[in-house]
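Here is what each chain is made of, one letter per residue.
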Amino acid sequence: QVQLVESGGGLVQAGGSLRLSCAASGRAFSRYAMGWFRQAPGKEREFVAAISWIGGNTYYADSVKARFTISRDSAKNTVSLQMNSLKPEDTAVYYCVADRMPLRPGVTRREYDYWGQGTQVTVSS
């Protein structure tokens, strides 16, 4: 069982940066692939980024490549999402997710068993 708590959301102007953090409680954090999804008003929840539980391989949606960076600190049981060059279309609720020991981190909602409550990110134009 893993519990996830996000922090770091807020309001930022276009072109600015934010750093989201997710604190995980529970055992064996290092055995979980971690990721982020987001949901904008009136839209489907979509994959943003993920990091594997072994090797630290990272995966990104095309819409955020070269702007967002996911990282994890297994000593602190945290995963972070550094978001740079933010755009108004990045406005959404961002969710931290976890999946135990997948062969490869998934990009669909059903592949993740654990979800945080979400944190709001608003980018003004």
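Residues numbered from 1 in each chain as written. Predicted model: local features only at pLDDT ≥ 70, side-chain atom pairs only at ≥ 80, totals over all residues. Heavy atoms only, no water.

**Q** Could you give an account of the state of the cysteines, with specific residues and numbers?
**A** In a disulfide, the sulfur atoms of two cysteines are held together by a covalent bond. For the structure shown, the criterion picks out 1 disulfide. A disulfide bridge connects Cys22 with Cys96, and the sulfur atoms are separated by 2.1 Å. Given an S-S torsion of about -85 degrees, the disulfide between Cys22 and Cys96 has left-handed geometry. A residue pair is termed long-range when its members are at least 10 positions apart, and Cys22 in strand S3 (residues 18-25) and Cys96 in strand S9 (residues 92-100) qualify at 74 residues. (Disulfide = S-S within 2.5 Å. Helix = DSSP H or I, 4+ residues; strand = E, 2+ residues; numbered from the N terminus.)

**Q** Please set out the nonpolar core residue by residue, giving values where relevant.
**A** One finds Leu4, Met34, Trp36, Leu81, Met83 and Tyr94 to be the most contacted residues of the largest nonpolar core, which totals 36 residues. Counting residues per element, the ones that place at least two in this core are S3, strand S4 (32-39), strand S5 (46-51), strand S7 (68-73), strand S8 (78-83), S9 and strand S11 (119-124). Ignoring any residue separated from it by four or fewer positions in sequence, one finds Leu81 in contact with Leu18, Arg19, Leu20, Trp36, Val48, Ala49, Phe68, Thr69, Ile70 and Tyr94. (Core = buried A, V, L, I, M, F, W, Y, C linked by side-chain atoms within 4.5 Å. Buried < 20%, exposed > 50% of the residue type's maximum accessible area, 1.4 Å probe, protein only. Contact = heavy atoms within 4.5 Å.)

**Q** Describe the pattern of salt bridges, with residues and values.
**A** Enumeration over the complete set of coordinates arrives at 4 salt bridges. In this structure, Arg38 engages Asp90 in a salt bridge whose closest nitrogen and oxygen atoms are separated by 2.9 Å. With Arg38 in strand S4 and Asp90 in the loop between S8 and S9, the pair connects residues that are 52 residues apart, well separated along the chain. With a relative accessible area of 6%, Arg38 lands in the buried category. Between Arg67 and Asp90 there is a salt bridge, and its shortest N-O distance comes to 2.7 Å. Taken as a pair, Arg67 in the loop between strand S6 (58-60) and S7 and Asp90 in the loop between S8 and S9 lie far apart in primary sequence, 23 residues in all. Across the pair, exposure class does not vary: Arg67 and Asp90 are buried alike. (Salt bridge = Lys/Arg side-chain N within 4 Å of Asp/Glu carboxyl O.)

**Q** Tell me about the environment of Gly118, and please be specific about residues and values.
**A** Turning to its location among the elements, Gly118 is positioned in the loop between strand S10 (114-115) and S11. Once the C-alpha coordinates of Gly118 and Ser21 are considered, the two residues, 97 residues apart in sequence, prove to be 11 Å apart. Sequence-distant contacts of Gly118, that is, excluding residues within four places in its chain, are made with Glu6, Val93, Tyr94 and Tyr95.

**Q** Any details on the sheet that holds S8? Residues and values, ideally.
**A** If you trace the 4 strands from one edge of the open sheet to the other, you get S1-S3-S8-S7, paired in antiparallel fashion. Two strands bound the open sheet, and with one partner strand each, they are strand S1 (3-7) and S7. Each strand of the sheet is rotated relative to its neighbour by a mean of 15 degrees, with strand direction disregarded. Bridging between S3 and S8 involves 6 bridges; their strand directions are antiparallel. Of the residues in S8, the one forming a bridge with Leu20 is Leu81. (Pairing = 2+ DSSP bridges. Axes fitted to C-alpha atoms, helices over the stretch in contact; angles between N-to-C directions.)

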